[in-house]
Amino acid sequence: VLRTDQAHVVPLTDDLRFLEQYLAIEQVRFPDRLRVTWSIDDRARNALVPGFLLQPLVENAIRHGVARRADAGRIEISASIVDGTLHLSVRDDGAGLHERTAEGVGLSNTRERLHTLYGDAARLTLQTPVGGGTEAIIELPFREASA
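The structure displayed is predicted, hence computed values, not measured ones.

Trainee: What am I meant to see in the sheet that holds strand S6 (residues 123-127) here?
Mentor: Strands belonging to one sheet form pairs held by backbone hydrogen bonds; the direction of such a pair is parallel or antiparallel. Spatially, S2-S4-S5-S7-S6 is the arrangement adopted by the five strands of the open sheet, whose pairing is mixed. A single partner strand is all that each edge strand has here, and the edge strands are strand S2 (34-40) and S6. Strand-to-strand twist of the sheet, defined as the mean angle between neighbouring strand axes without regard to direction, takes the value 10°. Pairing geometry for strand S5 (residues 85-92) and strand S7 (residues 134-141), over eight bridges, is antiparallel. Counterpart to Thr85 in the pairing with S7 is Pro141. On the sheet, helix H2 (residues 55-66) packs against S2, strand S4 (73-82), S5, S6 and S7 and is oriented at approximately 150° with respect to S4.

Here you go:
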């Protein structure tokens, strides 16, 4: 992770592969309480994204959504391309956002990385979807990895 000779952007498929490994560890921590669903468009898999982009969002979903529940929790991870924009989403079915919740290091760093790489062309938003929980949405210009 800390190697400086690595590219700043990677194909989304690489980021998803890392995320699957991370979630395998979390499944050991929450064997009967963590359900993950994926909805990744095939073309989006080849999108270039900052490395380790989704991990802090998933970590927050586990920490603030699943881990605080007594019963099983769900995380939904999705990626799609709409009108030249890559849309990434991490949604949990936990308690949702609280007005006085301060933004942590993971979200702050993610926002800063997006701004550094894309300026105003990218954004990270948090919302409480209909039905509750929290959804983190990243929108950034779609750039495809070369074959």
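Trainee: Looking at this structure, how should I read the nonpolar core?
Mentor: A general feature of soluble globular proteins is that nonpolar side chains tend to end up buried together. Of all hydrophobic cores here, the largest spans 34 residues; its most connected members are Leu54 and Leu88. Going through the elements one at a time, helix H1 (12-29), S2, H2, S4, S5, helix H3 (105-118) and S7 are the ones with two or more residues in this core.

Trainee: Quick question: what am I supposed to make of H3 here?
Mentor: Helix length check: H3, at 14 residues, gives a terminal C-alpha distance of 20 Å against a target of 20 Å (1.5 Å per residue), a fit within 8%. Among the residues of H3, Leu107, Thr110, Leu114 and Tyr118 are the ones counted as buried. Axial view of H3: buried residues confined to an arc of 60°, hence all on one face. With respect to the buried face of H3, the exposed residues turned more than 90 degrees away are Val105 and Thr116. Of the residues flanking the end of H3, it is Gly119, one or two places downstream, whose phi is positive at about 60°.

Trainee: Before we go on, may I ask you to explain unusual backbone geometry in this structure?
Mentor: Trans is the prevailing form of peptide bonds, just as negative phi is the prevailing case for residues other than glycine. Look at Phe52: it is not a glycine, yet its phi comes out positive at around 60°. As for its placement among the helices and strands, Phe52 is situated in the loop between strand S3 (48-50) and H2. Looking at Phe52, the relative accessible area reads 32%, which means it is partly exposed. Positioned with a positive phi, Asp83 is a non-glycine residue whose angle comes to about 50°. Along the chain, Asp83 falls in the loop between S4 and S5. By relative accessible area, Asp83 is classed as exposed at 78%.

Parameters at a glance
Residues numbered from 1 in each chain as written. Predicted model: local features only at pLDDT ≥ 70, side-chain atom pairs only at ≥ 80, totals over all residues. Heavy atoms only, no water. Pairing = 2+ DSSP bridges. Helix = DSSP H or I, 4+ residues; strand = E, 2+ residues; numbered from the N terminus. Axes fitted to C-alpha atoms, helices over the stretch in contact; angles between N-to-C directions. Contact = heavy atoms within 4.5 Å. Core = buried A, V, L, I, M, F, W, Y, C linked by side-chain atoms within 4.5 Å. Buried < 20%, exposed > 50% of the residue type's maximum accessible area, 1.4 Å probe, protein only. Expected span 1.5 Å × (residues − 1). Arc of directions from axis to C-beta.

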